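Summary of structural features
The primary structure of each chain is shown beneath.
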Amino acid sequence: MGKCEQCIIKQFNSLKALTKDELMRISNCKTSQTIKKGTVIFEEGDSVNGVYCVKDGICKLSKLSENGKDQIVKMVVKGQLLGQRSLISDETSNLQATALNDMEVCFIPKSEIIADLQNNPKFSFDVLKEMALDLKEADDIIVNMAQKSVRQRLAETLIHIHNSFGVNPDGTLSVLLSREDFANIVGTATESAIRVLSQFKKDGLISTVGKHIKIEDLNGLKRVE
């Protein structure tokens with residue numbers, strides 16, 4: 001089991017603000033887990049009671065609507081923390097977290113890290129900054145849903161995945177999402193997402209290699225209206 005104070009992953013999240021002694025204490029109580037693709041990490045209504053530090057892999061955070069449709073609100077990737085809100089609030093989770101591929105995570109119990117929030121102002125400030133960024137992203141999603149077309153939202157999603165998560169050696173997007181996942185991200189029917197992706201392919205904006213998508217014209221996607 002790796003030691004928190006020696007782990008490079010912490011440099012990408014608010015844990016970097018903890019002192020060496022705090023990291024050593026956390027290291028002694030954390031648990032390392034391997035999570036298989038498709039596994040639900042926690043569901044809506046669960047008490048998370050801690051945070052997951054993502055060492056490798058990607059998961060999606062989604063919310064089930066009244067009509068039974070999932071809305072993907074965020075993807076959490078290597079280097080990020082999952083469940084930060086549980087540190088501040090005693091409320092149960094309002095989102096479901098599902099692994100999009102095999103993941104390696106470390107779970108840190110809330111009981112062990114809450115004292116650091118109270119005693120380390122820099123750590124508290126970094127956690128609040130991360131939560132403020134989440135709120136900003138949520139605001140952007142609301143505006144995009146109201147003002148942008150499905151074509152624009154889907155083009156921006158492809159660009160975001162390309163820029164944030166990179167590509168495989170063959171140029172395809174490193175994150176493999178189902179057509180239903182794409183629909184759940186942009187807030188449309190699966191059939192509409194399939195239709196728009198097919199049109200992007202006809203227009204030469206993207207190509208496909210099996211189930212993987214490759215962006216052929218990044219600037220063209222940016223011009224989609």
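Just above, that's the structure.
Report follows, based on the coordinates. All values derive from a computational prediction rather than experimental measurement. (Residues numbered from 1 in each chain as written. Predicted model: local features only at pLDDT ≥ 70, side-chain atom pairs only at ≥ 80, totals over all residues. Heavy atoms only, no water.)

On to the sheet that holds strand 2 (residues 40-42). Within the open sheet, the 4 strands sit side by side as 2-7-4-5. Their pairing is antiparallel. Either end of the sheet is taken by a strand with one partner, and the two such strands are strand 2 and strand 5 (70-77). Ignoring which end each strand starts from, the neighbouring axes of this sheet average 30° apart. In this sheet, strand 7 (residues 96-99) lies alongside strand 4 (residues 58-64) in antiparallel orientation, the contact comprising 4 bridges. Within the sheet, the bridge partner assigned to Cys59 lies in strand 7 and is Ala99. (Pairing = 2+ DSSP bridges. Helix = DSSP H or I, 4+ residues; strand = E, 2+ residues; numbered from the N terminus. Axes fitted to C-alpha atoms, helices over the stretch in contact; angles between N-to-C directions.)

For helix 7 (residues 190-202), which comprises 13 residues, the first-to-last C-alpha distance of 18 Å matches the rise-based estimate of 18 Å (1.5 Å per residue) to within 8%. Every buried residue of helix 7 is accounted for by Ser192, Ala193, Val196, Leu197 and Phe200. Angular distribution of buried residues about the axis of helix 7 spans 130°; they occupy a single face of the element. Those residues of helix 7 that are exposed and aimed more than 90 degrees away from the buried face are Glu191, Arg195 and Lys202. In this fold, the buried residues of helix 7 make contact with helix 5 (150-165), helix 6 (179-186), strand 9 (206-209), strand 10 (212-215) and helix 8 (218-222). (Expected span 1.5 Å × (residues − 1). Buried < 20%, exposed > 50% of the residue type's maximum accessible area, 1.4 Å probe, protein only. Arc of directions from axis to C-beta. Contact = heavy atoms within 4.5 Å.)

Okay, the sheet that holds strand 6 (residues 81-82) next. If you trace the 4 strands from one edge of the open sheet to the other, you get 1-8-3-6, paired in antiparallel fashion. Sheet topology places strand 1 (31-35) and strand 6 at the edges, where each strand pairs with a single neighbour. Sheet analysis places strand 1 next to strand 8 (residues 103-109), joined by 5 bridges and oriented antiparallel. Note that in strand 8 the partner of Ser32 across the bridge is Cys106. Its contacts with the sheet place helix 3 (residues 110-119) against strand 3 (50-56) and strand 8, and it is angled at close to 70° to strand 8.

Attention shifts here to unusual backbone geometry. Of note, Asn49 is a non-glycine position whose phi angle comes to about 60°, a positive value. Position of Asn49 among the secondary structure elements: in the loop between strand 2 and strand 3.

Its place among the elements puts Thr157 in helix 5. Using a relative accessible area of 11% as the deciding quantity, one classes Thr157 as buried. Not counting chain neighbours up to four residues away, the residues in contact with Thr157 comprise Phe182, Ile185 and Val186.

Read these as layout, nothing more, since geometry by itself doesn't imply function.
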